Amino acid sequence: MSRLRAAFMGSPDFAVPSLHAVHRRCDLALVVCQPDKPAGAVAS
């Protein structure tokens, strides 16, 4: 049986545990996250 293909979207720090869980069960075709921000930048 083939594995489910999935796309994952989430912000890096908060989403890492969920990303690992999905990766264990699915073939990830796409992962989308926010780009790194410059040091000292304030989120808007």
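The structure contained in this document is the topic of the report that follows. In this text, all values refer to a predicted model and were calculated from it rather than measured experimentally. All residue numbers refer to positions counted from 1 along the written sequence of the respective chain. At least 70 in pLDDT is required for a residue's local features to be given in this predicted model, at least 80 for side-chain atom pairs to be given and counted, and no such filter applies to totals for whole chains, interfaces and linings, which use all residues. Water and hydrogen atoms play no part in the side-chain values, which are based on all heavy atoms of the structure.

1. Thoughts on the environment of Arg-24
Helix numbering and strand numbering both begin at the N terminus, where a helix is a DSSP run of H or I of at least 4 residues and a strand a DSSP run of E of at least 2. Turning to its location among the elements, Arg-24 is positioned in helix α1 (residues 12-25). When the C-alpha positions of Arg-24 and Phe-14 are compared, they lie 18 Å apart, and in sequence the two are ten residues distant.

2. Quick word on the pattern of salt bridges
Every case where a carboxyl oxygen of Asp or Glu lies within 4 Å of a side-chain nitrogen of Lys or Arg is listed as a salt bridge. Taken as a whole, this structure holds one salt bridge when the rule is applied. Between Asp-27 and Arg-3 there is a salt bridge whose closest N-O contact spans 3.1 Å. Taken together, the residues Asp-27 in strand β2 (residues 26-32) and Arg-3 in the segment before β1 (4-9) connect sequence positions 24 residues apart. Relative accessibility decides the category of a residue: with a 1.4 Å probe and only protein chains considered, values under 20% of the type maximum give buried, values over 50% give exposed, and everything between is partly exposed. For Asp-27, a relative accessible area of 37% corresponds to the partly exposed category.

3. Considering the pairing of β1
Pairing between β1 and β2: six bridges, direction parallel. In the strand pairing of β2, Met-9 is matched with Val-32. Read from β1 through α1 to β2, the crossover connection turns out right-handed. At least two DSSP bridges between two strands are needed for those strands to be called paired. Crossovers are marked right-handed if the path from the first strand over the helix to the second runs clockwise, as seen with the strands pointing away from the viewer.

4. Notes on the environment of Arg-3
Judged by its relative accessible area of 40%, Arg-3 is partly exposed. Counting along the chain gives 14 residues from Arg-3 to Pro-17, while the straight-line C-alpha distance between them is 20 Å. Any pair of residues with heavy atoms lying within 4.5 Å of one another is described as a contacting pair. Apart from the residues within four sequence positions on either side, Arg-3 is in contact with His-23, Arg-24, Arg-25, Cys-26 and Asp-27. Here the side chain of Arg-3 touches Cys-26 through a polar contact of 2.7 Å, landing on its backbone oxygen. Here a polar contact is taken to be a pair of N or O atoms separated by no more than 3.5 Å, where protein atoms must pair a possible hydrogen donor with a possible acceptor and residues adjacent in sequence count only if both atoms sit in side chains.

5. Focus on α1
The first and last C-alpha atoms of α1 sit 19 Å apart over 14 residues, in line with the 20 Å expected at 1.5 Å per residue. One fitted axis covers the seven residues ending at a residue, a second covers the seven starting there, and the bend at that residue is the angle between these axes. In the structure, α1 departs most strongly from a straight axis at Ser-18, where the bend amounts to approximately 30 degrees. Between the first and last residue of a helix there are one fewer steps than residues, each counted as 1.5 Å, and that sum is the expected span.

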